[in-house]
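Topology and contacts: notes
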Number of protein chains: 2
Amino acid sequence: MEGDFLEKLKSLEIPTCLRVCCGTDGSVTFLLEIMTRKPVSVKTESQYVVKADKEMAELLGVEEGSEVNDRTVRLYAGDTVLVHARSLSPLERMPQTMRDQLMRADIPIGRILRSHNLETRRDMVELEILEGEPTFDGIPILSRTYKIVHHNHVLMWINERFPIDERWKL
Amino acid sequence: MEGDFLEKLKSLEIPTCLRVCCGTDGSVTFLLEIMTRKPVSVKTESQYVVKADKEMAELLGVEEGSEVNDRTVRLYAGDTVLVHARSLSPLERMPQTMRDQLMRADIPIGRILRSHNLETRRDMVELEILEGEPTFDGIPILSRTYKIVHHNHVLMWINERFPIDERWKL
């Protein structure tokens, strides 16, 4: 997958900053902050705990019925929304303090991981262009899915959606 | 340090792509590849094994006299050199296959880590602008130092130097 992901990303005719954000194997929040030089904020659209159904359990490698935090947010740099992100996080794999941060407040995931000094890797799963989606009012979307892996287990499954337009000419 | 690092980086009047490369907490090689859409190659300037002196031992958290791989390379995107990087890696902390890759061939460190599926974090140490250095024939340099941490030990200490000029207008 990694090789495919890279080749696909390189082939897209999109602004460089968008390609970089969608391709990074580091923190997206951090990248947005140094790219735009504006404070990056998170606005939570929804956040609740669900019991994993069969599909979700397979995705995350947990038992069916395990508790999973399902969070959807938008990331802003200043007043501009740049990313729509949904994360699925098995609660049983999180230290209590991390659970609290994730469920309580508008803290970006990159900052949560960083504040816990976690060693992780990010495994890319999928990259695709979506047309006619309502996420950004019909603007074409670059969508990527990846997993944040810690101690060889999936700590978080993340889908990020980036609008493909001029806002990335930074 | 992380907060200082970020604020300092945001304050610099430099091309966005340079700021992003110098600020990422992910793989620089990977970032250069998606940024330039060109194949990234490594040219090794020097590579040898040394015994850690007192200063190096403190930097890496190893015993004095431990074997350390000292490697200096330049990273190219196509024909353009973009980064000068020196790495210090305690050999005792590396799996044998990683040692072989590091010592044998012109393989970027990001790719070596990735191929071993290692979970790591990157801790920023220093960011500074250097003038009148010979690294890029006197062109001002943005220099950053960080540590790649694995199992709470320093796996690699890295200093990267980026020329501050027009080559980053990507």
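The present account deals with the structure reproduced in this document. (Residues numbered from 1 in each chain as written. Chains lettered and ligands numbered in written order. Predicted model: local features only at pLDDT ≥ 70, side-chain atom pairs only at ≥ 80, totals over all residues. Heavy atoms only, no water.)

**As for the sheet that holds strand β6 (residues 153-163) of chain A**
Residue and element names in this part refer to chain A. Definition in use: When DSSP finds at least two bridges between two strands, those strands are taken to pair. Only DSSP runs of H or I with at least four residues qualify as helices, and only runs of E with at least two residues qualify as strands; both kinds are numbered from the N terminus onward. Every angle, taken between N-to-C directions, lies between 0 and 180 degrees, and every axis is a line fitted to C-alpha atoms, over only the stretch in contact when it is a helix. Contacts were defined at the residue level, with two residues in contact if any of their heavy atoms lie within 4.5 Å.
Read across the open sheet, the 6 strands follow the order β1-β2-β3-β6-β5-β4; overall the sheet is antiparallel. Looking along the sheet, the strands with just one partner apiece sit at the ends: β1 (40-51) and β4 (121-130). Neighbouring strand axes in the sheet, compared pairwise and without regard to direction, differ in orientation by 15 degrees on average. Across the sheet, helix α3 (residues 28-36) lies against β1, β2 (67-77), β3 (80-90), β5 (141-150) and β6, angled at about 165 degrees from β3, the strand it touches most.

**What to know about helix α2 (residues 16-23) of chain B**
The following threshold applies: Accessible area is worked out with a 1.4 Å probe on protein chains only. A residue is then buried under 20% of its type maximum, exposed over 50%, and partly exposed in between.
Judged by how many residues are buried, α2 of chain B sits mostly within the fold: 8 of 8 residues are covered. Those residues of α2 of chain B not exposed but buried are Thr 16, Cys 17, Leu 18, Arg 19, Val 20, Cys 21, Cys 22 and Gly 23 of chain B.

**Comments concerning the interface of chain B and chain A**
Test applied: Two parts lose some accessible area (1.4 Å probe) when they are put together, and adding that loss for both gives the buried area. By definition, a salt bridge exists where a carboxyl oxygen of Asp or Glu is found within 4 Å of a side-chain nitrogen of Lys or Arg. By the criterion applied in these results, polar contacts are pairs of N or O atoms within 3.5 Å in which, for protein atoms, one can donate a hydrogen and the other can accept it, and in which residues neighboring in sequence qualify only through two side-chain atoms.
Taken residue by residue, the interface counts 37 residues in chain B and 37 residues in chain A. Together chain B and chain A conceal approximately 3,200 Å² of surface at their shared face, both sides included; 51% is due to carbon and sulfur atoms. With a shortest N-O distance of 3.3 Å, Arg 114 of chain B and Asp 123 of chain A are connected by a salt bridge. There are 23 residue pairs in polar contact (both at pLDDT 80 or more) connecting chain B and chain A.

**Some words on the sheet that holds strand β6 (residues 153-163) of chain B**
Residue and element names in this part refer to chain B. Taken in spatial order, the 6 strands line up as β1-β2-β3-β6-β5-β4 in an open sheet, and their pairing is antiparallel. Edge positions in the sheet fall to β1 (40-51) and β4 (121-130), since each has one partner strand and no second. The sheet shows a mean angle of 15 degrees between the axes of neighbouring strands, taken without regard to direction. Bridging between β4 and strand β5 (residues 141-150) involves 9 bridges; their strand directions are antiparallel. Of the residues in β5, the one forming a bridge with Leu 130 is Ile 141. Lying on the sheet, α2 is in contact with β4, β5 and β6; it crosses β5 at an angle near 30 degrees.

**Brief notes about the relation of the copies chain B and chain A**
Condition: Superposition of the copies used a least-squares fit over C-alpha atoms from residues whose pLDDT is at least 70 in both.
Expressed as a screw transformation, the operator carrying chain B onto chain A has a rotation angle of 180 degrees and an axial translation of 0.0 Å, and the superposed copies differ by an RMSD of 0.0 Å. Those values place the two copies in the arrangement expected of a two-fold rotation axis. The position closest to the rotation axis in chain B is occupied by the C-alpha of Gly 26 of chain B, lying 2.0 Å away. Both copies present the same face, since 100% of the interface residues in chain B are matched by interface residues at the equivalent positions in chain A.

**A look at the pattern of salt bridges**
Counted according to the given criterion, the structure contains 26 salt bridges over all chains. A salt bridge links Glu 7 of chain A to Lys 10 of chain A; the shortest N-O distance between them is 4.0 Å. A residue pair is termed a helical-turn pair when its members lie 3 or 4 positions apart in one helix, as Glu 7 of chain A and Lys 10 of chain A do in helix α1 (residues 2-11) at 3 residues. Judged by its relative accessible area of 47%, Glu 7 of chain A is partly exposed. For Lys 10 of chain A, a relative accessible area of 13% puts it in the buried group. Between Arg 121 of chain B and Glu 119 of chain A there is a salt bridge, and its shortest N-O distance comes to 3.9 Å. A residue pair is termed interchain when its members come from two chains, as with Arg 121 of chain B in strand β4 and Glu 119 of chain A in the loop between α6 (109-115) and β4.

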